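The chain contents come next:
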Amino acid sequence: MSENLHQRAQQLIAQERVEGLSASDSAWLAAHLQECATCADFAQEISAALRSLRTIPLELPVGLAERTQFRVSLRAQQLRQREPHRRALWIAAGVSWATGVASAPLVWRAFAWLGEHAGVPDLVWEAGFALWWAVPALVAAVVLLAEHEKQAVEAFWSRQRSQ
């Protein structure tokens, strides 16, 4: 037989153990293993080696499971404590958005009136109106970014202390 067929069979034997095979590759491999004793022996050796590796006991550090459970429960507690703040933030954002939409026509008229009485060009008071809307959103974005940065720094220092 061709050396290329044996190489393909060995590659499929390894792939079968890790990723699985398509139906056509599986059928080809089964037919090849029935015909080729060398490749069939190779497949049996691979299976025996994997079985022996699975029987090797692994020594894990004492208390690893308890420490892991403790860390997971601590992280869950941290997330639960932060959740009400996020909910309040979303509620406040929704109320702010609703009142902003409801008051937009009044604010527009107020800026137009001030611009007309102060004698400023339309572009200036329209820019003031845009800033009236943009500044609260920018402040909220800065607050959220600062909170995220604070959490990242705290996580960094807690990892440094645990090492």
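Everything that follows concerns the structure shown earlier in this document.
This section reports on the structure supplied with the text. Throughout this document, residue positions are counted from 1 along each chain, in the order its sequence is written. Totals for whole chains, interfaces and linings use all residues, but because this is a predicted model, local features are given only for residues with pLDDT of at least 70 and pairs of side-chain atoms are given and counted only at 80 or more. The side-chain values count all of the structure's non-hydrogen atoms but skip hydrogen atoms and water molecules.

### Some words on the state of the cysteines
Here is the rule: Here, two cysteine sulfur atoms that lie within 2.5 Å of each other are counted as a disulfide. Residue exposure (1.4 Å probe, protein chains only): buried if accessible area is under 20% of the type maximum, exposed if over 50%, otherwise partly exposed.
Enumeration over the complete set of coordinates arrives at zero disulfides. With no disulfide of its own, Cys36 lies 3.6 Å from the sulfur of Cys39, the closest cysteine sulfur. A relative accessible area of 6% means that Cys36 is categorised as buried. Here Cys39 falls in the buried class, since its relative accessible area comes to 1%.

### Some thoughts on the pattern of salt bridges
Pairing between side chains of opposite charge can happen when their charged atoms approach one another. Spelled out, the test is: The rule for a salt bridge is simple: a side-chain nitrogen of Lys or Arg has to be within 4 Å of a carboxyl oxygen of Asp or Glu. What counts as a helix is a DSSP run of H or I of at least four residues, what counts as a strand is a run of E of at least two, and both are numbered from the N terminus.
This model, assessed by the stated rule, comprises two salt bridges. Here Asp25 and Arg8 are joined by a salt bridge, their closest N and O atoms 2.9 Å apart. On the criterion of sequence distance, the pair formed by Asp25 in helix α2 (residues 23-35) and Arg8 in helix α1 (residues 3-18) is long-range, its members being 17 residues apart. Between Arg17 and Glu16 there is a salt bridge; the shortest N-O distance is 2.8 Å. Classification of Glu16 by relative accessible area gives partly exposed; the value is 36%.

### Some thoughts on the nonpolar core
One recurring pattern in soluble globular proteins is that nonpolar side chains are buried together. Let me state the cut-off plainly: Joining through side-chain atoms within 4.5 Å is the link that ties buried Ala, Val, Leu, Ile, Met, Phe, Trp, Tyr and Cys residues into a set, and such a set is a nonpolar core. The contact criterion used is simple: two residues touch if any of their non-hydrogen atoms lie within 4.5 Å.
One finds Ala9, Leu12, Ile13, Leu29, Cys36, Cys39 and Ala43 forming the largest nonpolar core, which totals seven residues. Secondary structure elements with two or more residues in this core: α1 and α3 (37-54). Broken down by element, this core gets its largest block of residues, three residues, from α1. Those residues in contact with Leu12 that lie beyond four places of it in its chain are Leu21, Asp25, Trp28 and Leu29.

### Comments concerning the packing of aromatic side chains
Let me state the cut-off plainly: Aromatic pairs are defined between Phe, Tyr and Trp rings, using the six-membered ring for Trp, whenever the two ring centres lie within 6.5 Å; interplanar angles under 30 degrees are classed as stacked, those over 60 as edge-to-face, and all others as tilted. Lysine NZ or arginine CZ positioned within 6 Å of the ring centre and within 35 degrees of the ring normal marks a charge as sitting over the ring.
Under the counting rule described, the total for this entry stands at four aromatic pairs. Between Trp108 and Phe129 the ring centres are 5.0 Å apart and the planes differ by 90°, which places this aromatic pair in the edge-to-face class. Placement of Trp108 in helix α4 (residues 64-118) and of Phe129 in helix α5 (residues 122-162) is noted, with a sequence separation of 21 residues between them. Residue classification places Phe129 among the buried residues on the basis of a relative accessible area of 14%. Seen in terms of ring centroids, Phe111 and Trp132 are 6.0 Å apart; in terms of plane orientation they differ by 70°. Their pairing is edge-to-face. With Phe111 in helix α4 and Trp132 in helix α5, this pair connects stretches of sequence that are 21 residues apart. Put simply, the rings of Trp108, Phe111, Trp125, Phe129 and Trp132 pair up and form one aromatic cluster. Directly above the ring of Trp28 sits Arg8, whose terminal nitrogen or CZ lies 4.3 Å from the centroid.

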